[in-house]
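Results of the structural survey
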There are 2 protein chains.
Amino acid sequence: MSEDWLDAIKWDAQGLVPAIAQEHGTGTILMMAWMNPESLQLTRETGHAVYWSRSRGRLWHKGEESGHQQVVHAIRIDCDADVVLLDVEQKGGIACHTGRHNCFFRELDAQGRWVEVAPVLKDPQAIYGKA
Amino acid sequence: MSEDWLDAIKWDAQGLVPAIAQEHGTGTILMMAWMNPESLQLTRETGHAVYWSRSRGRLWHKGEESGHQQVVHAIRIDCDADVVLLDVEQKGGIACHTGRHNCFFRELDAQGRWVEVAPVLKDPQAIYGKA
């Protein structure tokens, strides 16, 4: 199969692009992570979100530890072809490693403080078995 | 006023973070751009999205040419404090420089082709007056 669709993307100096995961149906932004060409290709082939973990320096099959996989309904790119948008179904209803539905749970209040605005749904130790 | 809220953010090696603009009410992801501390501070102070243009190497007051400003309803950060999410009202209903509602108008089809899935609402030449 032609990989023209991967070549159309403008990978950054590290060979990565930001990838935003948006929840199918609700439109909630679950998280933003990074992808290299292999992870995006695997995302398409497997139908599950695969990212590139910059901290671990390896492919990151989302949910590999937690079981919280993301089933991909659609893959989009932006006008500059340097940002990927995934339309996903979030297994387990938890995208964030903190045990929350999504990663954007801190909001700036009028006093200039980051305030938590979403609850922890499941103890991370229960998710990752590190207790 | 304390700038602790800016110090809480993990700016990258270039002193930037990705900033996602999501449309207030609909949840549509309009665009992703970049911010430096000054642009985020101006965003908060003015209530309008201000980005850092990497291509132009200067502050970019969204809508400065097009009039398509983004009125900010909320500012969030993610669990790692390295991605900003803006909840915005998009003036003119056009966020993309191509004249579309949002920048994510290309979707990968089953044959591995990027297909345009959203219409041009206004001719960019009419928006930017470069005709």
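Definitions and cut-offs
- Residues numbered from 1 in each chain as written.
- Chains lettered and ligands numbered in written order.
- Predicted model: local features only at pLDDT ≥ 70, side-chain atom pairs only at ≥ 80, totals over all residues.
- Heavy atoms only, no water.
- Salt bridge = Lys/Arg side-chain N within 4 Å of Asp/Glu carboxyl O.
- Helix = DSSP H or I, 4+ residues; strand = E, 2+ residues; numbered from the N terminus.
- Buried < 20%, exposed > 50% of the residue type's maximum accessible area, 1.4 Å probe, protein only.
- Contact = heavy atoms within 4.5 Å.
- Core = buried A, V, L, I, M, F, W, Y, C linked by side-chain atoms within 4.5 Å.
- UniProt positions renumbered as here; feature names shortened; annotations may be inferred.
- Least-squares fit on C-alpha atoms with pLDDT ≥ 70 in both.
- Pairing = 2+ DSSP bridges.
- Buried area = accessible area lost by both parts, 1.4 Å probe.
- Polar contact = N/O pair within 3.5 Å; in protein donor to acceptor, adjacent residues only side chain to side chain.
- Nonpolar A, V, L, I, M, F, W, Y, C, P; charged D, E, K, R; others polar.

**Describing the pattern of salt bridges**
The final tally for this structure, using the stated rule, is 16 salt bridges over all chains. The closest approach of N and O atoms between Arg76 of chain A and Glu107 of chain B, which form a salt bridge, is 2.8 Å. Of this pair, Arg76 of chain A sits in strand 5 (residues 70-77) while Glu107 of chain B sits in strand 7 (residues 106-108), each in a different chain. With a relative accessible area of 25%, Arg76 of chain A lands in the partly exposed category. Residue class for Glu107 of chain B comes out partly exposed when judged on its relative accessible area of 22%.

**What about the environment of Ala95 of chain A?**
All names here are of chain A. For Ala95, the location among the structural elements is in the loop between strand 6 (84-90) and strand 7 (106-108). In the structure, Ala95 is positioned 66 residues away from Ile29 in sequence and 9.7 Å away in space, judged by C-alpha atoms. Not counting residues up to four positions away in its chain, the partners in contact with Ala95 are Leu30, Met31, Lys62, Gln70, Gln90, Arg100, His101 and Asn102.

**Quick word on the nonpolar core**
Formed by 71 residues in total, the largest nonpolar core has its most connected members in Ile20, Tyr51 and Val84 of chain A together with Ile20, Tyr51, Val84 and Leu86 of chain B. Contact partners of Ile20 of chain B, with chain neighbours within four places excluded, come to Ile20, Ile29, Met32 and Phe104 of chain A together with Ile29, Met31, Met32, Val83, Val84, Leu85 and Leu86 of chain B.

**Overview of the UniProt feature "binding site: Mg(2+)" (unreviewed entry) in chain A**
According to UniProt, the feature "binding site: Mg(2+)" (unreviewed entry) maps to Asp78, Asp80 and Asp82 of chain A in the numbering used here. In this fold, Asp78 of chain A is placed in the loop between strand 5 and strand 6. Asp78 of chain A sits in the buried class, given a relative accessible area of 2%. When near neighbours in sequence (up to four residues on either side) are disregarded, Asp78 of chain A contacts Val83 of chain A together with Cys103, Phe104 and Arg106 of chain B. Along the polypeptide, Asp80 of chain A turns up in the loop between strand 5 and strand 6. Each residue touching Asp80 of chain A, except ones within four places of it in the same chain, is listed here: Lys10 of chain A together with His97 and Arg106 of chain B.

**Looking at the relation of the copies chain A and chain B**
When chain A is fitted onto chain B, the two copies agree to an RMSD of 0.0 Å after a turn of 180 degrees and an axial shift of 0.0 Å. Here the symmetry operator amounts to a two-fold rotation axis. The position closest to the rotation axis in chain A is occupied by the C-alpha of Gly27 of chain A, lying 2.6 Å away. The fraction of interface residues of chain A whose copies in chain B are also interface residues reaches 100%, indicating that both copies meet through the same surface.

**Structural notes on the pairing of strand 4 (residues 58-61) of chain A**
Taken together, the four bridges between strand 3 (residues 50-53) of chain A and strand 4 of chain A define a ladder with antiparallel strand orientation. Directly across from Val50 of chain A, in strand 4 of chain A, lies its bridge partner His61 of chain A.

**Details of the interface of chain A and chain B**
When the parts come together, some accessible area is lost, and that loss is often what is quoted as the size of the interface. Opposite the 39 residues of chain A that make contact, chain B presents 40 residues. Between chain A and chain B lies a buried interface of about 3,300 Å² when both sides are counted; carbon and sulfur atoms form 65% of it. Our count for the chain A to chain B interface comes out at four salt bridges. Summed over the shared surface of chain A and chain B, the number is 20 residue pairs in polar contact (both at pLDDT 80 or more). Those elements giving two or more residues to the side of chain A that touches chain B turn out to be strand 1 (17-23), strand 2 (29-35), strand 5, strand 6 and strand 7 of chain A. With four residues, strand 5 of chain A is the largest single contributor of residues to the side of chain A that touches chain B. Residues of the side of chain A that touches chain B, tallied by class, amount to 24 nonpolar, six polar and nine charged. In this sheet, strand 5 (residues 70-77) of chain B lies alongside strand 7 of chain A in antiparallel orientation, the contact comprising two bridges.

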